[in-house]
Amino acid sequence: MRQPGITFTPEAKFAYIDKDYDTIGVALRQKLIIRLGPQDAKRTAFSTSMEVSNLSAENMATVCRVQQNRNNVMRQNASISTSLGYLIGDVLRQIGLAANADVSETSSRGQHNVLELFQFPALEAVLISDQIAECDVETLDEDEQPEVHSTFVCDFLDAICVQTDFNAQVSFLPELLKSYIHVSDSPLPMEKPVKKTDRRRYICDKWAVDPKIRFIDRFRWNPPVIDDILRKLQIFDHRTTIPKAFQRALLDPLDQGLAIMLFELLRLVDRKKQQQRC
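Q: Which residues make up helix α5 (residues 238-277), and what values do they have?
A: Look at α5: 57 Å from first C-alpha to last across 40 residues, which is about the 58 Å you get at 1.5 Å a residue. In α5, a bend of some 40° at Gln247 exceeds every other bend along the element. Of the surrounding elements, those touching the buried residues of α5 are β1 (4-16), β2 (24-36), β5 (123-134), β6 (147-156), β8 (201-208) and α4 (226-232).

Encoded structure:
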């Protein structure tokens with residue numbers, strides 16, 4: 001991954017939450033920007049020519065499947081630098097992304113079998129989430145479901161490259177993705193999973209994710225579209241699933257973390273004022 005960046009901007013203000021302008025609540029807007037590549041990156045013209053050179057040096061992120069070669073085991077008493085070179089450095093050298101690669105450390109065969117599955121160009125993804133909540137409400141009614149409205153726009157500056165034998169090579173990815181998803185619906189880490197703690201209803205008002213797809217080796221055409229790739233990864237209702245996952249895994253914890261930091265900062269200022277008065 002090259003030049004990644006993330007920007008989170010929360011905004012909360014009091015607002016009327018009913019049509020009769022009788023009830024005052026909190027209108028919360030959260031904006032998340034995920035960026036790969038420099039901010040001044042320019043769009044690359046999409047070309048279908050067979051003579052296009054390898055763009056591996058311009059990839060901003062690469063997803064690989066790595067398998068250790070047989071009869072090639074790292075020593076248990078190896079140093080940290082040797083361990084990192086074995087686990088990470090060898091893979092980066094094979095895909096041409098290692099900085100200051102040492103040729104003497106690289107065997108002709110390599111220590112791992114590395115297969116590039118995805119190559120991502122420079123991109124900027126913007127997720128905006130809007131939700132309204134009543135003030136001083138500790139519990140919700142059984143039939144009450146607060147709504148979370150979101151817009152998700154992702155601008156790709158070039159095509160996403162996928163493995164030619166895509167269907168055969170990504171069968172392990174759905175289970176891997178599930179392992180990163182919490183069992184609990186709560187955005188907070190808990191020792192015991194709590195079921196159905198998040199009763200919000202997620203509505204995606206705008207979805208603009210339509211990258212161009214091409215194969216990594218450039219020898220085959222008619223690559224799958226983005227919807228086919230997401231279905232292969234067992235992400236079916238992507239307009240709801242992806243914003244919901246970002247909301248629970250990133251936006252909620254980030255908002256809570258900023259709130260705690262602000263609260264502790266105000267406590268510190270108040271404590272210093274009390275000490276000065278004494």
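Okay, back to it.
Q: How would you explain the environment of Cys161 if you had to name every residue and give the values?
A: Of note, Cys161 is situated in strand β7 (residues 160-162). Given the relative accessible area of 4%, Cys161 is considered buried. For Cys161 and Glu116, which are 45 residues apart along the polypeptide, the C-alpha to C-alpha distance reads 9.4 Å.

Q: Which residues make up the nonpolar core, and what values do they have?
A: Counting residues in hydrophobic clusters, the biggest one holds 32 residues, and the most contacted among them are Phe118, Phe152, Cys154, Val162 and Ile229. Discounting residues that sit within four places of it in the chain, Ile229 has contacts with Phe118, Val162, Phe166, Ile213 and Pro224.

Q: Describe in detail the packing of aromatic side chains, supporting the description with residues and values.
A: Tallied over the entire structure, the rule returns four aromatic pairs. Linked through ring pairs, Phe152, Trp207 and Phe246 together constitute an aromatic cluster.

Q: Could you give an account of the confidence of the model for the chain, with specific residues and numbers?
A: Per-residue confidence for the chain gives a mean pLDDT of 79; residues scoring 70 or more make up 80%. The low-confidence segment residues 103-108 (pLDDT under 50) makes two contacts with residues lying over four places distant or belonging to another chain. Low pLDDT, under 50, characterises residues 183-191; the stretch is placed with 14 contacts to residues that sit more than four places away or in other chains.

Q: Please set out the sheet that holds strand β9 (residues 213-215) residue by residue, giving values where relevant.
A: With mixed pairing, the four strands of this open sheet are ordered in space as β3-β4-β7-β9. Strand pairing shows two members of the sheet lacking a second neighbour, β3 (61-68) and β9, which therefore form its edges. In this sheet, adjacent strand axes meet at a mean angle of 30° when their direction is disregarded. The pairing of β3 with strand β4 (residues 112-120) spans eight bridges and is classified as antiparallel. Within the sheet, the bridge partner assigned to Thr62 lies in β4 and is Gln119. Against the sheet, helix α1 (residues 80-94) contacts β3 and β4, and its axis sits at roughly 65° relative to β4.

Q: Could you give an account of the pattern of salt bridges, naming the residues involved and the relevant values?
A: The full count for this structure, using the stated rule, is nine salt bridges. Of the charged contacts in the structure, one is a salt bridge between Asp158 and Arg214, with a shortest N-O distance of 3.5 Å. A residue pair is termed long-range when its members are at least 10 positions apart, and Asp158 in the loop between β6 and β7 and Arg214 in strand β9 qualify at 56 residues. Each member of the pair, Asp158 as well as Arg214, is classed as buried. Across the salt bridge formed by Arg200 and Asp198, the nearest N and O atoms sit 2.8 Å from each other. Each member of the pair, Arg200 as well as Asp198, carries the same accessibility label: buried.

Q: Any details on the sheet that holds β1? Residues and values, ideally.
A: Taken in spatial order, the five strands of this open sheet run β1-β2-β5-β6-β8, and their pairing is mixed. Sheet topology places β1 and β8 at the edges, where each strand pairs with a single neighbour. Across the sheet, the mean angle separating the axes of adjacent strands is 15° when strand polarity is ignored. Where β2 lies against β5, twelve bridges are found, and the strand directions are antiparallel.

Q: An account of the pairing of β2 is requested, with residue identities and associated values reported.
A: Where β1 and β2 come together, 13 bridges link them in antiparallel fashion. Across the sheet, Ala12 pairs through a bridge with Leu28, a residue of β2.

Definitions and cut-offs
- Residues numbered from 1 in each chain as written.
- Predicted model: local features only at pLDDT ≥ 70, side-chain atom pairs only at ≥ 80, totals over all residues.
- Heavy atoms only, no water.
- Helix = DSSP H or I, 4+ residues; strand = E, 2+ residues; numbered from the N terminus.
- Expected span 1.5 Å × (residues − 1).
- Bend = angle between axes of the 7 residues up to and from the residue.
- Contact = heavy atoms within 4.5 Å.
- Buried < 20%, exposed > 50% of the residue type's maximum accessible area, 1.4 Å probe, protein only.
- Core = buried A, V, L, I, M, F, W, Y, C linked by side-chain atoms within 4.5 Å.
- Phe/Tyr/Trp six-rings, centres within 6.5 Å; stacked < 30°, edge-to-face > 60°.
- pLDDT = per-residue confidence, 0-100.
- Pairing = 2+ DSSP bridges.
- Axes fitted to C-alpha atoms, helices over the stretch in contact; angles between N-to-C directions.
- Salt bridge = Lys/Arg side-chain N within 4 Å of Asp/Glu carboxyl O.

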